[in-house]
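Chain by chain, the residues:
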Amino acid sequence: MTSMLQVDKVTTSRIQEVDMNNLDFGRCFTDHMFEMQYAHNTWKTGQIKPFGPIEINPALNVLHYGQAVFEGMKAFYVDEKQINLFRPDVHHARFNRSCRRMCIPETSYEVFIEALEILIRLDAAWVPKKRGTALYIRPFIFANENYLAARVSATYAYHIIMSPVGAYYGEGFNPVSLTTSPDFVRAVPGGTGEAKTAGNYAASFLPAQQAQQDGFTQVLWLDAIDHKYIEEVGTMNIHFLIGDTLVTPSLTGSVLSGITRDSVIQLAKEWGYEVQERKISIDEVMQASADGHLKEVFGSGTAAVISPVGRIAHKGQEITIGDGKIGQLAERFHNTITGIQYGQLDDYFDWTHPVSIHI
Ligand SMILES: Cc1ncc(COP(=O)(O)O)c(C=O)c1O
C-alpha cells in the first residue's frame, strides 16, 4: 500500500531526557506526532512530524465555543518485535460518532491506522516495557477557524500525540470512593454525554472538586431527569455484581460508550455470567448492599482498565463494598484484559492490532 502520509523525522530523539521509571500521566510526549488539516470541505494530506507547539490565533473558534473531540487509547509492549494497539477500530468508530455529534467532519480509518502504525514504529523505544505501563495515545480534533462567530467552523486540525505512562497500580489496587452529587449532572438526554468532547470534562470539574473536598475520589453520576439512575463515573463506566448477575447502566445516550465496558461485557458473557445492561437506581444499589447481595462494584476505563470501588455515598448514607481489595471477578477481568493487551493470553476476540517493530 502506498503511504497516504508525509513523514518528517526528528534528527535527535528526546528520549534520554525522560525517566521511564518515573512517568507522570500525560506530561511527557514522544518524539513524533500526527497532524492533518481540514479546509475547503476536505481533509488534506496528513503529516507525521516532530512533536512540538502549534501556533494559535486568539480568535481560534475552539477556544470560545469548544468544538472539539478526542479519544484515549493505549499501545502495549509485547516483545522487541511487537507492540499491540488495543481495539483501534472501535476507538476510531467512537471518534467518528463524537465528530458527528459535534458537527466535525469524520476521518477515515485508513489514515488513522496508518498514522498510528508509523508513529508506533518511529517511537517504539518510547513504549515502556514493564507490566502495567503503556503508551497512551491521544487523537483529537478541534475547530481552528479564526472567527468569532458562534457557528460551525469551516476548518479543523486533527492531531495524534502519544505519552508513555507508568503503572496505574504501583502499590496494588487502591479502591476508589464515590459520591453522588446533590446539585449537578454530567449529561442530559439529547445533550453531548455520549460524545467524547472537551466541554463534558470542563463541566464535570466543579462537582468533582466538591466530591474531593468531601473526601471522595470521584462523582457517581446520576441521570438528569429522575436523579436516581446511575450513569457512570468521571472517566470510567461502572459495573455491579449483584448476586451472580453483572449489572451495567445501559447506554441511554447520556453515557459514554466505553471500550473497556464493552470488553468486560463480552468477557462476562463468554464466562457464562448473566449480564444485564439496564437502568439501575442508586436506591437499588444501596438496598442490595443492605441485603448483602452487592458482591462487587468496579469501574472500567482505558486508564486503569478495572478500578475497584470501595465506598459509595448518597444523601448522607454510605456503603462499603468488599474489604478494601479488588474483588475476585474484577481481578479476573483485569488480568484477562491486560493479559490480552500484553500479548500473554489468547486474543480470543481479536481485540489487539499488532504492529511489528525493530527497536
Ligand atoms: C466519561 C467517560 N466514561 C467512560 C470512559 C471509559 O471509556 P473507555 O473504556 O473507552 O476508556 C471514559 C474514558 O475514556 C470517559 O471519559
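Residues numbered from 1 in each chain as written. Predicted model: local features only at pLDDT ≥ 70, side-chain atom pairs only at ≥ 80, totals over all residues. Heavy atoms only, no water.

J.: Can you break down the site of the ligand residue by residue, with the values?
T.: As a matter of local geometry, the ligand sits amid 16 residues, with K196, Y201, E232, T260 and T302 nearest to it. Contacts to the ligand include R94, whose side-chain N or O atom sits 2.8 Å from an oxygen atom. Side-chain polar atom of Y201 to an oxygen atom of the ligand: 2.5 Å apart, as the coordinates give it. For the ligand, whose accessible area on its own is 380 Å², the fraction buried by protein is 96%. Structurally, the ligand is housed in the largest pocket. (Near = heavy atom within 4 Å. Polar contact = N/O pair within 3.5 Å; in protein donor to acceptor, adjacent residues only side chain to side chain. Areas by Shrake-Rupley, 256 points an atom, 1.4 Å probe, with all protein chains shown as cover. 1 Å grid on protein atoms, 1.4 Å probe; cavity = no way out; pocket = protein on both sides within 12 Å on 5 of 7 lines; lining within 4 Å. Sits in = over half its atoms within 2 Å of the grid points.)

J.: How would you explain the state of the cysteines if you had to name every residue and give the values?
T.: Counted by the stated rule, this structure contains 0 disulfides. Of all cysteine sulfurs, the one in C103 lies closest to C99, which takes part in no disulfide; the gap is 10 Å. Judged by relative accessible area, C99 falls into the buried class, the value being 0%. (Disulfide = S-S within 2.5 Å. Buried < 20%, exposed > 50% of the residue type's maximum accessible area, 1.4 Å probe, protein only.)

J.: Got a sec to walk through helix α7 (residues 328-341)? Specific residues and values, please.
T.: Here α7 contains 14 residues, and its C-alpha end-to-end distance of 20 Å stays within 8% of the 20 Å for a straight helix at 1.5 Å per residue. For α7, the tally of buried residues reaches 10 of 14 residues, placing the bulk of the element in the interior. For α7, every residue scored as buried is listed here: L329, A330, F333, H334, T336, I337, T338, G339, I340 and Q341. G343 sits one or two positions beyond α7 and adopts a positive phi of about 70 degrees. (Helix = DSSP H or I, 4+ residues; strand = E, 2+ residues; numbered from the N terminus. Expected span 1.5 Å × (residues − 1).)

J.: I'd like a rundown of the domain arrangement of the protein chain, residues and numbers included.
T.: Considered domain by domain, the protein chain is made up of domain 1 (5-170 + 349-356) and domain 2 (176-325). With 22 residues of domain 1 in contact, the opposing surface of domain 2 contributes 23 residues. Of the roughly 1900 Å² buried at the junction of domain 1 and domain 2 (both faces included), carbon and sulfur atoms supply 60%. Applying the counting rule to domain 1 against domain 2 returns 1 salt bridge. Of the charged contacts, one joins D262 and R87 as a salt bridge, the two residues approaching to 2.9 Å between their closest N and O atoms. Where domain 1 meets domain 2, there are 10 residue pairs in polar contact (both at pLDDT 80 or more). Breaking the side of domain 1 that touches domain 2 down by element, the ones donating at least two residues are β5 (68-70), β6 (73-79) and α2 (88-101). (Domains from an automatic or database assignment. Contact = heavy atoms within 4.5 Å. Buried area = accessible area lost by both parts, 1.4 Å probe. Salt bridge = Lys/Arg side-chain N within 4 Å of Asp/Glu carboxyl O.)

J.: Hey, could you go over the pattern of salt bridges for me, with residue numbers and the actual values?
T.: Any two side chains of opposite charge can pair, on the condition that their charged atoms come close. In the structure shown here, the tally under the stated rule is 12 salt bridges. Between R27 and D24 there is a salt bridge; the shortest N-O distance is 2.9 Å. Accessibility expressed as a relative area gives 64% for R27, which makes it exposed. Residues E318 and R311 are paired through a salt bridge, measuring 2.8 Å at the closest nitrogen-oxygen approach. Take E318: its relative accessible area is 44%, and that puts it in the partly exposed class.

J.: Can you tell me about the packing of aromatic side chains, naming the residues and giving the values?
T.: Each pair of aromatic rings is reported with the distance of its centres and the angle of its planes. Applying the stated criterion across every chain yields a total of 17 aromatic pairs. Pairing F95 with F112 gives two aromatic rings, centres 6.3 Å apart and planes at 40 degrees, and the pair type is tilted. Here F112 lies in helix α3 (residues 109-122) and F95 lies in helix α2, a separation of 17 residues in the sequence. For the pair shown, F95 and F112 are each scored as buried. With a centroid separation of 6.2 Å and an interplanar angle of 20 degrees, the aromatic rings of F140 and F142 are classed as stacked. Taken together, the ring pairs in this structure connect F34, Y38, W43, F95, Y109, F112, Y156 and Y158 into an aromatic cluster. We note K129 situated over the ring of Y77; from NZ or CZ to the ring centre the distance is 5.2 Å. For the cation-ring pair, R332 lies above W271, with the distance from its terminal atom to the ring centre recorded as 3.7 Å. (Phe/Tyr/Trp six-rings, centres within 6.5 Å; stacked < 30°, edge-to-face > 60°. Lys NZ or Arg CZ within 6 Å of the ring centre and 35° of its normal.)

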